[in-house]
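# Residue-level structure breakdown
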Amino acid sequence: RSNEGRELLATNPNKINRRVLRQIPKFETWWNETPESKIAREASASGEDTSETAAVTPDEQIDAAAKQLNSALESDILARIRNVDPTLFEQIVIDLLIAMGFGGGDPEMGMRVGRSGDGGIDGVIQEDALGLDAVYVQAKRYKDGNTIGSPQLHSFIGSLVGHRATKGVFVTTSSFTRDARDYVNTVHHRVVLIDGNELSRLLVRHGVGVREDRTIVVKKIDED
């Protein structure tokens, strides 16, 4: 209720945040003497806009924190699956596709078949109970930077032809070259490519290889 405050309100500012309040000398003096001012100065030195941060709503802070946690989790799970046993990796891929709805979401419809002489096929998911339609899967556990090129995709397509299959999913923990992606678009077979980044996002989204750590319930007024 100070005169300075009234004068500030008389200017009809769009919003009132620290940047606006610091135009008042008394507020500037008080702010510099509070413990919060040290935090603000450190944030400013790191490039953070404290005035904008102060304007962020609690809901926005929760959303931002959730995105940050999910991003860290995706990076962690990708690093983990790059080091698991190949057999386990193949099973993880089958479990993920089932969780995504392939085979009607029924675990009994997915089968890992990866073995020596498998013809480039690591798993099969039956799309119907009679086995009239199936999705063939290849899973490559590669390190980052060891990309999948068109030769590997050409070989996978050949395996589909050998099994008289029309649908395939090629999953890798690394990435695909542009040539590989272009090649898939030229063939008659329906082939989906899932690289490491997409794989980690899907694992987290569909709850494969992860578990719930905590649940935060935010309640609001029931207007009814």
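An account of the accompanying structure is given in this report. Quick caveat, the model's predicted, so the values are computed rather than measured. (Residues numbered from 1 in each chain as written. Predicted model: local features only at pLDDT ≥ 70, side-chain atom pairs only at ≥ 80, totals over all residues. Heavy atoms only, no water.)

To continue, consider the pairing of strand β5 (residues 190-194). Where strand β4 (residues 167-172) lies against β5, five bridges are found, and the strand directions are parallel. Bridging across to β5, valine 171 finds its partner in isoleucine 194. You can see the chain leave β4, run along helix α9 (residues 178-184) and come back into β5, and the turn it takes is right-handed. (Pairing = 2+ DSSP bridges. Helix = DSSP H or I, 4+ residues; strand = E, 2+ residues; numbered from the N terminus. Right-handed = clockwise from strand over helix to strand, strands pointing away.)

Per the counting criterion, the structure on display carries two aromatic pairs. For the ring pair phenylalanine 156 and phenylalanine 170, a centre distance of 5.5 Å and an interplane angle of 90° mean the geometry is edge-to-face. Residue phenylalanine 156 is found in helix α8 (residues 150-162), and its partner phenylalanine 170 is found in strand β4; the two are separated by 14 residues along the sequence. Considered together, phenylalanine 156 and phenylalanine 170 belong to a single accessibility category, that of buried residues. An aromatic cluster is built from Phe156, Phe170 and Phe176, whose rings are joined through pairwise contacts. (Phe/Tyr/Trp six-rings, centres within 6.5 Å; stacked < 30°, edge-to-face > 60°. Buried < 20%, exposed > 50% of the residue type's maximum accessible area, 1.4 Å probe, protein only.)

A surface patch of nonpolar side chains, amounting to about 300 Å² of accessible area, comprises Ile62, Ile216 and Val218. Tracing the sequence through the fold places isoleucine 62 in helix α6 (residues 58-81). The partly exposed category is assigned to isoleucine 62, whose relative accessible area is 42%. (Patch = residues over 30% accessible without salt bridge, like charges linked within 9 Å, V, L, I, M, F, W, Y side chains within 5 Å. Areas by Shrake-Rupley, 256 points an atom, 1.4 Å probe, with all protein chains shown as cover. Salt bridge = Lys/Arg side-chain N within 4 Å of Asp/Glu carboxyl O.)

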